[in-house]
Amino acid sequence: MDNETRNQSVCIQISSDPAHLPRIREAIQQVAMNIGFSEEQIGKMTLAVDEAIANVIKHGYCGCNDQPIEVLINPVERDGHQGIKLVIRDFGKQVSPESICGRDLDDVKPGGLGVHIIRSIMDEVIYSKADGGGMQLELMKLNKP
Amino acid sequence: MSISTIKEIRRGPSGTVVEAQGDIDLRFQPEFQKALLGVCGEKPPRLVIHLGLVEYMDSSGVGTLVKISHTVKVNKGKLVLVAPNARVRSIFEITTLDKYFTILDTEEEALEI
């Protein structure tokens, strides 16, 4: 893994191996703590990002564990609130962003909860097809009381 | 390094208690599920999954618990979750599964109901 820290921004390049998930969680926790997010908010944000990367591994790369994933973590300020913005970029399968939606929670069955979790936690969730192949996911969360 | 998600399995007259531990995420979910399905195969009348030592759980872990709940129901047994920390409890709340699962504070309560 290659980490670059500059003005609290963190760019992490990992392979699509679930073994890297804890390091991503730690990086988000660190940036979010510096911004002043509560422990509860940090826990939820790390869960959202974890779910996003798990979806890349499972669906974008079909479980293959040696493919590239880039995670950019940036502090932001909007409307007078500090926050955190994350960009998750993969080079796997492209799908229509409109097709990425959560499922009906009343149907209790294993799987398919990740997108619901991400959308429930983050203030902004934008999926797009990335130039050059793969998908890009932008996530943003503001630190509001 | 191999880290087990199961610390201990205790079998008693009131049911079986599985004490889970560590991070239950995409890395360790297959092992967690395999262990729980093995216990389900014994068809205990009550299966208590103690989550007190689980530090982190993602949707793959929750999905495993849903799968186990379906298996326990087929076996006409009862599934109870015990003592999740605030972080683990929040994923049940976000997915509204806190209303689906029986979640209690202590193992003793879980073995009595």
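Up top you'll find the structure we're talking about.
Draft legend 1. The arrangement of the packing of aromatic side chains in detail. Residue and element names in this part refer to chain B. Evaluation of the coordinates by the stated rule reveals 2 aromatic pairs over all chains. Residues Phe92 and Phe101 carry aromatic rings whose centres are separated by 5.7 Å and whose planes lie at 75° to one another, so their mutual orientation is edge-to-face. Aromatic side chains Tyr100 and Phe101 sit 5.0 Å apart centroid to centroid with 75° between the ring planes, which places their arrangement in the edge-to-face category. Note on Tyr100: relative accessible area 24%, which makes it partly exposed.

Draft legend 2. Examining the side chain of Thr16 of chain B more closely. Residues and elements named next belong to chain B. Structurally, the position occupied by Thr16 is in strand 2 (residues 15–24). Judged by its relative accessible area of 5%, Thr16 falls in the buried class. Residues within four places of Thr16 in sequence aside, it is in contact with Ile9, Arg10, Arg11, Val39, Pro44, Arg46, Leu47 and Val48.

Draft legend 3. Region of the structure containing the interface of chain B and chain A. The partner chain A presents 26 residues to the 21 residues of chain B that form the contact. Scanning the region where chain B abuts chain A turns up 2 salt bridges. In this structure, the connection of chain B to chain A is made through 7 residue pairs in polar contact (both at pLDDT 80 or more). The set of elements that each furnish at least two residues to the side of chain B that touches chain A consists of strand 3 (46–57), helix 2 (59–74) and helix 3 (86–94) of chain B. Element by element, the count of residues in the side of chain B that touches chain A is highest for helix 2 of chain B, at 6 residues. Taken together, the residues of the side of chain B that touches chain A break down into 9 nonpolar, 6 polar and 6 charged.

Draft legend 4. Structural view of the environment of Arg23 of chain A. Here Arg23 of chain A lies in helix 1 (residues 21–35). Placed 67 residues apart in sequence, Arg23 of chain A and Asp90 of chain A show a C-alpha to C-alpha distance of 17 Å.

Draft legend 5. The arrangement of unusual backbone geometry in detail. All names here are of chain B. Unlike most non-glycine residues, Lys43 shows phi in positive territory, near 50°. Here Lys43 shows up in the loop between helix 1 (29–40) and strand 3. With a phi close to 60°, Thr96 is a non-glycine residue in the positive phi region. With respect to the element layout, Thr96 can be found in the loop between helix 3 and strand 5 (103–104).

Draft legend 6. Structural view of helix 2 (residues 39–60) of chain A. All names here are of chain A. With 22 residues, helix 2 extends 30 Å from end C-alpha to end C-alpha; this agrees with the ideal 32 Å at 1.5 Å per step. Of all the 22 residues making up helix 2, 17 are buried; the element is thus mostly covered by neighbouring parts of the structure. Of the residues trailing helix 2, Cys62 is marked for its positive phi of about 50°.

Draft legend 7. A look at the sheet that holds strand 1 (residues 6–12) of chain B. Residue and element names in this part refer to chain B. Here 5 strands make up an open sheet; going across it, the order is 1-2-3-4-5 and the pairing mixed. Of all the strands in the sheet, just strand 1 and strand 5 have a single pairing partner and so form its edges. Relative to strand 3, strand 2 runs parallel, the two sharing 8 bridges. Each bridged residue has a counterpart across the sheet, and for Gln21 the counterpart in strand 3 is Leu53. Those strands touched by helix 3 are strand 3, strand 4 (78–82) and strand 5, and its axis lies near 110° from that of strand 3.

Draft legend 8. Broad picture of the pattern of salt bridges. On inspection of all chains with the given rule, the structure shows 15 salt bridges over all chains. The residue Arg25 of chain A makes a salt bridge to Asp25 of chain B at a minimum N-O spacing of 3.1 Å. You can see Arg25 of chain A sitting in helix 1 and its partner Asp25 of chain B sitting in the loop between strand 2 and helix 1, one on each of two chains. There is no split in this pair, since Arg25 of chain A and Asp25 of chain B are both buried. When salt bridges with common partners are traced through the structure, they connect Arg25 and Asp50 of chain A together with Asp23, Asp25 and Arg27 of chain B into a single cluster.

Draft legend 9. Structural view of the side chain of Asn55 of chain A. Residue and element names in this part refer to chain A. The topology assignment puts Asn55 in helix 2. Among the residues examined, Asn55 registers a relative accessible area of 15% and is labelled buried. For Asn55, the residues in contact, after removing those within four places along its chain, are Gly60, Gly114, Val115 and Ile118.

Rules used in this analysis
- Residues numbered from 1 in each chain as written.
- Chains lettered and ligands numbered in written order.
- Predicted model: local features only at pLDDT ≥ 70, side-chain atom pairs only at ≥ 80, totals over all residues.
- Heavy atoms only, no water.
- Phe/Tyr/Trp six-rings, centres within 6.5 Å; stacked < 30°, edge-to-face > 60°.
- Buried < 20%, exposed > 50% of the residue type's maximum accessible area, 1.4 Å probe, protein only.
- Helix = DSSP H or I, 4+ residues; strand = E, 2+ residues; numbered from the N terminus.
- Contact = heavy atoms within 4.5 Å.
- Salt bridge = Lys/Arg side-chain N within 4 Å of Asp/Glu carboxyl O.
- Polar contact = N/O pair within 3.5 Å; in protein donor to acceptor, adjacent residues only side chain to side chain.
- Nonpolar A, V, L, I, M, F, W, Y, C, P; charged D, E, K, R; others polar.
- Expected span 1.5 Å × (residues − 1).
- Pairing = 2+ DSSP bridges.
- Axes fitted to C-alpha atoms, helices over the stretch in contact; angles between N-to-C directions.

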